[in-house]
Amino acid sequence: MELGMIGLGRMGANMTERLVRGGHRVVGFDLNADARARVEAVGAQSVPALDQMAAKLAAPRTVWLMVPAGDITDGTVTALLPQLAPGDTIVDGGNSNYKDTLRRAALAAGRQVQYVDCGTSGGVWGLAEGYSMMIGGDEAAVLRLRPIFETLAPAKDRGWGRVGPVGSGHFTKMVHNGIEYGLMQAYAEGFSIMGHKTEFGLDLHQVAEIWRYGSVVRSWLLDLTSAALEKNPRMTGIAPYVADSGEGRWTLAEAIDLDVPAPVIALSLLTRLRSRDPESFSDKLLSAMRNEFGGHPIRKE
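Attention in this report is confined to the structure presented alongside it. If you're wondering where the values come from, they're calculated on a predicted model, not measured in any experiment.

Looking at the pattern of salt bridges
For step 1, the next point in the chain: Applying the stated rule across the entire model yields 16 salt bridges.
For step 2, the next point in the chain: Here aspartate 74 ties to arginine 103 by a salt bridge, and the two come within 3.1 Å at their closest N and O atoms. Taken together, the residues aspartate 74 in helix 3 (residues 71-80) and arginine 103 in helix 4 (residues 98-109) connect sequence positions 29 residues apart.
For step 3, the next point in the chain: With its nearest N and O atoms 3.3 Å apart, the salt bridge here joins lysine 284 to glutamate 279.

What to know about the packing of helix 8 (residues 168-196) against helix 10 (residues 220-231)
For step 1, the next point in the chain: Put simply, helix 8 and helix 10 touch, their axes get as near as 11 Å, and they point 40° apart. By the angle class used here, helix 8 and helix 10 are oblique. Both helix 8 and helix 10 take part in a crossing whose hand is right-handed. Where helix 8 approaches helix 10, its residues Leu183, Met184, Tyr187 and Phe191 are matched on the opposing element by Leu221, Leu222, Thr225 and Leu229.
For step 2, the next point in the chain: Residue composition of the contact of helix 8 with helix 10, by class: seven nonpolar, one polar and no charged.

A few points about the packing of aromatic side chains
For step 1, the next point in the chain: Here the structure, examined in full by the defined rule, presents five aromatic pairs.
For step 2, the next point in the chain: Counting every residue linked through ring pairs, the aromatic cluster contains Trp64, Phe149 and Trp160.
For step 3, the next point in the chain: Above the plane of the ring of phenylalanine 200 lies lysine 197, whose end atom (NZ or CZ) is 5.7 Å from the centre.
For step 4, the next point in the chain: Positioned above the aromatic ring of tyrosine 241 is the side chain of arginine 276, whose terminal nitrogen or guanidinium carbon lies 6.0 Å from the ring centre.

Describing the environment of aspartate 30
For step 1, the next point in the chain: As for its placement among the helices and strands, aspartate 30 is situated in the loop between strand 2 (25-29) and helix 2 (33-41).
For step 2, the next point in the chain: Between the C-alpha atom of aspartate 30 and that of leucine 50, which follows or precedes it by 20 residues, the distance is 8.1 Å.
For step 3, the next point in the chain: Other than its neighbours up to four places away in sequence, aspartate 30 contacts Gly7, Leu8, Gly9, Ala35 and Arg36.
For step 4, the next point in the chain: A distance of 2.8 Å separates the side chain of aspartate 30 from the backbone nitrogen of asparagine 32, its partner in a polar contact.

A short note on the sheet that holds strand 6 (residues 114-121)
Note: strands within a sheet are paired through backbone hydrogen bonds, in either parallel or antiparallel orientation.
For step 1, the next point in the chain: Strand order in the open sheet formed by eight strands is 3-2-1-4-5-6-7-8, with mixed pairing between adjacent strands. Each end of this open sheet is capped by a strand with a single partner; those strands are strand 3 (45-47) and strand 8 (160-164). Strand after strand, the sheet turns through a mean of 25° between neighbouring axes, direction not considered.
For step 2, the next point in the chain: Contacting strand 5 (89-92) and strand 6, helix 4 crosses the sheet at an angle of about 150° to strand 6.
For step 3, the next point in the chain: In the packing of helix 8 onto the sheet, contacts are made with strand 5, strand 6, strand 7 (132-136) and strand 8, and the angle to strand 6 comes to roughly 15°.

Concerning helix 2
For step 1, the next point in the chain: Along helix 2, the residues that are buried comprise Ala35, Arg36 and Val39. Buried positions in helix 2, seen along its axis, are confined to an arc of 100° and lie on one side of it. Among the exposed residues of helix 2, those pointing more than 90 degrees away from its buried face are Asp34 and Ala41.
For step 2, the next point in the chain: Residues of helix 2 that are buried sit in contact with helix 1 (10-21) and strand 3.
For step 3, the next point in the chain: Capping the start of helix 2, asparagine 32 holds a side-chain oxygen 2.7 Å from the backbone nitrogen of aspartate 34, two or three residues further along.

Some details on the pairing of strand 2
For step 1, the next point in the chain: Burial within strand 2 is extensive, with four of its five residues counted as buried.
For step 2, the next point in the chain: Summarising the sheet, strand 1 (residues 2-6) and strand 2 pair through five bridges and their orientation is parallel. Looking at the pairing, leucine 3 lines up with valine 26 of strand 2.
For step 3, the next point in the chain: Of the crossover connections in this fold, the one passing from strand 1 over helix 1 to the parallel strand 2 is right-handed.
For step 4, the next point in the chain: On the question of chirality, the crossover connecting strand 2 to the parallel strand 3 by way of helix 2 is right-handed.

About the criteria used
- Residues numbered from 1 in each chain as written.
- Predicted model: local features only at pLDDT ≥ 70, side-chain atom pairs only at ≥ 80, totals over all residues.
- Heavy atoms only, no water.
- Salt bridge = Lys/Arg side-chain N within 4 Å of Asp/Glu carboxyl O.
- Helix = DSSP H or I, 4+ residues; strand = E, 2+ residues; numbered from the N terminus.
- Axes fitted to C-alpha atoms, helices over the stretch in contact; angles between N-to-C directions.
- Parallel < 35°, antiparallel > 145°, perpendicular 65-115°, else oblique.
- Left-handed = near helix turned anticlockwise from the far one by under 90°.
- Contact = heavy atoms within 4.5 Å.
- Nonpolar A, V, L, I, M, F, W, Y, C, P; charged D, E, K, R; others polar.
- Phe/Tyr/Trp six-rings, centres within 6.5 Å; stacked < 30°, edge-to-face > 60°.
- Lys NZ or Arg CZ within 6 Å of the ring centre and 35° of its normal.
- Polar contact = N/O pair within 3.5 Å; in protein donor to acceptor, adjacent residues only side chain to side chain.
- Pairing = 2+ DSSP bridges.
- Buried < 20%, exposed > 50% of the residue type's maximum accessible area, 1.4 Å probe, protein only.
- Arc of directions from axis to C-beta.
- Right-handed = clockwise from strand over helix to strand, strands pointing away.

Structure follows, in structure tokens:
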């Protein structure tokens, strides 16, 4: 098959390379000339301007978006739709909010363009290992793109599937990332407890390696944790600052809307927010309160 890939960052470029290796023709676009050169070096073609993409693809066209969620995705869809024709398909493989996906799909439907949302997981390992893809959209549209999904997935029959109508792919990926927040937090807290038990002198990398085989907490995330501990056992030089890209917040908001308790995901998100406050006015105030009611000492800066 052939498709256009818009956005040639870490994931977009790696997905392009995996598709080319699988025998597909890919035309890439990115504002960065170096990114375009990278995919050309692995056998893809590229265009220097978005308005040149459609002309390089045969109908029915498929254009895959791997751009940041929000305004950039909106702007790309708005610029792309006038170039497409009835029967063409847009695949949004980024981490868009599923509510935005529903709105964009309605715009595309007005032009008889199919809109498929593909929640994509795999990160920088996807090129070698394949990508997990949660796909939402019209069943016939997804079926037509099956060879693309089979090439990107870890195997033709594993790691991907149509989970429901348009919007369901990004919704499922949103919850996936919310779960990821909780898993990461649990691993981080557990290893921190072991690290603070100084009298045992535990080798945290050794413990992680033991857990990787046969234990009930083994996972790919634990594999990556072990690799990180091997490279930097004491996390030297890493600031205790944890960012979030939005999906955890969206998951928590959805849980509230649905009256579903999600305390682990909620607390993991709040812990990330706490990591970004080096001055922590709230902690200073807590110390002051203890001094006021109990005369407890205040530690000075």
